[in-house]
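Residues per chain are reported as follows:
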Amino acid sequence: MAVATQLEILDLRHFSARQLRPLLETESRVWEQRLRWNYQSSTELLLQYLDSRILPGFVALDRGRICGFTFCVYEGQKAVVGDAFAVGNDTAQMLQTTQTLLHQLLQLLQHSPGIQRIESQLLLYDAGSINDAFLAAGFSMYPRLFMEYDLDKTSNSPQTRNELNLPPNIDLLRWSADHYQAAAELIHECYLGHIDARINDQYCSLHGSLRFLHNIVRFPGCGVFEPDASWVLRDRSNGALVGMLLCSRVASDVAHITQLCIAPGWRGHGLGRAVLDYCSNHLARAGFAAITLTVTEANQQAVKLYQTRGFFIRHRFDAMVFDRTNPTP
């Protein structure tokens, strides 16, 4: 505990992007080593925000040297913990600094007028490793999985639409911006009453689902959107979207599935398996070496689907939620 007494915690807005760049570049290397993500585009975007001096957050200094940071973003009555990262002489020191920063940030947020809800998913941290600050602040925890599938370029997955064995009235179409509204409506429908709607309240409304979709397609937080590797399933009889798989590029040879959902009335027909297999084969032929995704551990049906298609658990992490208006057990 001696190291904690040497830490100085200061307002993030006192620091420039130039001062924080070395720490963020270290974090970027950790993303690549642990999760196979090239985090550089996200780092550059964050540095732009840091230079604007508008992000609420904190920096940790150890004997005057920057050794950690954390920040959040406000979305109306909700705040999202955007990141927390620290370096140290060993893992214990790094985690202790991270916990100290998070404790300071959560205190700020819980005493901010108008903030009713706080969400956090810090993928770099093993499940349970940084829970203390969140549990002390009354958060609910949701274990999640980071899964990976190593692509085999000689895959026997379906290569054409005709090999998918889709129901005769279901068309597989490549993503188009024309699908935007219908896709948001499908996302909202798919997550009504779903555990993931407790983790991310954007799923709870059509407006939020549109914002979620916008973030995936327009911003690099989950990689660079790959429209050529993203698909929708459409019911030819009425034109409705009944399924969707959206994909991003997170490294030169690694893709990340940002969304896979099937309309409730069409579940059990093999649509999720079919579009996942088709996407996997497409990515293998395009030169990708691996696919990653995240899934809530309690969503056993989805976890089983991914495991039967060859995905393995690379990493476990936690989603954390604090909600004054709708506390969850």
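Residues numbered from 1 in each chain as written. Predicted model: local features only at pLDDT ≥ 70, side-chain atom pairs only at ≥ 80, totals over all residues. Heavy atoms only, no water.

Trainee: So what exactly am I meant to see when it comes to helix α7 (residues 206–218) here?
Mentor: Because each turn of an α-helix spans 3.6 residues, side chains separated by three or four positions in sequence point in the same direction. In this model, α7 (13 residues) spans 18 Å end to end at C-alpha, consistent with the 18 Å of a helix rising 1.5 Å per residue. Those residues of α7 not exposed but buried are G208, S209, F212, L213, I216 and V217. Looking at the buried positions of α7, the neighbouring elements they touch are α5 (180–190), β8 (224–225), β10 (241–251) and β11 (254–262). (Helix = DSSP H or I, 4+ residues; strand = E, 2+ residues; numbered from the N terminus. Expected span 1.5 Å × (residues − 1). Buried < 20%, exposed > 50% of the residue type's maximum accessible area, 1.4 Å probe, protein only. Contact = heavy atoms within 4.5 Å.)

Trainee: Teacher, can you tell me more about the pattern of salt bridges here?
Mentor: As a working rule, side chains carrying opposite charge can pair if their charged atoms are close by. Scanning all chains against the criterion turns up 18 salt bridges. Between R13 and D11 there is a salt bridge whose closest N-O contact spans 3.1 Å. Judged by its relative accessible area of 22%, D11 falls in the partly exposed class. The salt bridge involving R63 is made with D62; its shortest N-O contact spans 3.5 Å. When its relative accessible area of 8% is taken as the criterion, D62 is described as buried. Three or more residues joined by partner-sharing salt bridges are found here, namely E75, K78, R117, E119, D201 and D323. (Salt bridge = Lys/Arg side-chain N within 4 Å of Asp/Glu carboxyl O.)

Trainee: So what exactly am I meant to see when it comes to the packing of aromatic side chains here?
Mentor: Given two aromatic rings, one states the distance between the centres and the angle between the planes to describe the pair. For the structure on display, the rule yields 13 aromatic pairs. An aromatic cluster is built from W31, W37, Y39 and F146, whose rings are joined through pairwise contacts. (Phe/Tyr/Trp six-rings, centres within 6.5 Å; stacked < 30°, edge-to-face > 60°.)

Trainee: It is not clear to me how the environment of A137 should be interpreted in this structure. Could you clarify?
Mentor: Tracing the chain through its elements places A137 in the loop between α4 (131–136) and β6 (140–150). Spatially, the C-alpha atom of A137 lies 8.3 Å from that of Q110, the residues being 27 residues apart in sequence.

Trainee: Mind showing me how you'd approach the side chain of E226 here?
Mentor: Residue placement: E226 occurs in the loop between β8 and β9 (231–235). Look at E226 and you get buried, because its relative accessible area is 17%. Among the polar contacts made by the side chain of E226, one reaches the side chain of R249 at a distance of 2.9 Å. Excluding anything up to four places from it in sequence, E226 contacts C247, S248 and R249. (Polar contact = N/O pair within 3.5 Å; in protein donor to acceptor, adjacent residues only side chain to side chain.)

Trainee: What's the story with the layout of surface pockets in this structure? I'm lost.
Mentor: The probe, sized like a water molecule, is rolled over the atoms to show the empty space still left. One number sums up the size of the second largest pocket: a volume of about 480 Å³. What lines the second largest pocket is a set of 25 residues, among which R117, D201, Q202, C204 and D323 lie closest to the centre. Top contributing element to the lining of the second largest pocket by residue count: α7, with 3 residues. Here the residues of the lining of the second largest pocket sort into 6 nonpolar, 12 polar and 7 charged. (1 Å grid on protein atoms, 1.4 Å probe; cavity = no way out; pocket = protein on both sides within 12 Å on 5 of 7 lines; lining within 4 Å. Points joined across faces, edges and corners; volume = space filled by probe spheres on them. Nonpolar A, V, L, I, M, F, W, Y, C, P; charged D, E, K, R; others polar.)

Trainee: What am I meant to see in the packing of α5 against α7 here?
Mentor: The description of two helices packed together rests on the angle between their axes and the distance between the axes. At a closest axis distance of 8 Å, the pairing of α5 and α7 adopts a crossing angle of 120°. The pairing of α5 with α7 is recorded here as oblique in orientation. Handedness of the crossing formed by α5 with α7: right-handed. Residues Y180, Q181, A183, A184, E185, I187 and H188 of α5 form the contact with α7, whose participating residues are L206, S209, L210, F212, L213, H214, V217 and R218. A class-by-class count of the residues in the contact of α5 with α7 yields 9 nonpolar, 4 polar and 2 charged. (Axes fitted to C-alpha atoms, helices over the stretch in contact; angles between N-to-C directions. Parallel < 35°, antiparallel > 145°, perpendicular 65-115°, else oblique. Left-handed = near helix turned anticlockwise from the far one by under 90°.)

Trainee: What is the right way to read the packing of helix α1 (residues 17–35) against helix α2 (residues 40–52) from this model?
Mentor: For the pair α1 and α2, the least separation of the axes is 10 Å and the interaxial angle reads 160°. By the angle between their axes, α1 is roughly antiparallel relative to α2. α1 and α2 meet at a crossing whose hand is right-handed. Along its contact with α1, which presents A17, L20, R21, L24, E25 and S28, the element α2 presents Q40, T43, E44, L46, L47, L50 and D51. Among the residues making up the contact of α1 with α2, the classes are represented as 6 nonpolar, 3 polar and 4 charged.

Trainee: Explain the side chain of K78 to me, please; I cannot follow it from the model alone.
Mentor: Position of K78 relative to the elements: it lies in strand β4 (residues 78–86). Within the structure, the side chain of K78 is placed 3.3 Å from the side chain of E119, a separation counted as a polar contact. Within polar-contact distance, the side chain of K78 engages the side chain of D201 at 2.7 Å. Here K78 is in contact with V73, I115, R117, E119, N200, D201 and Q202, once residues within four sequence places are set aside.

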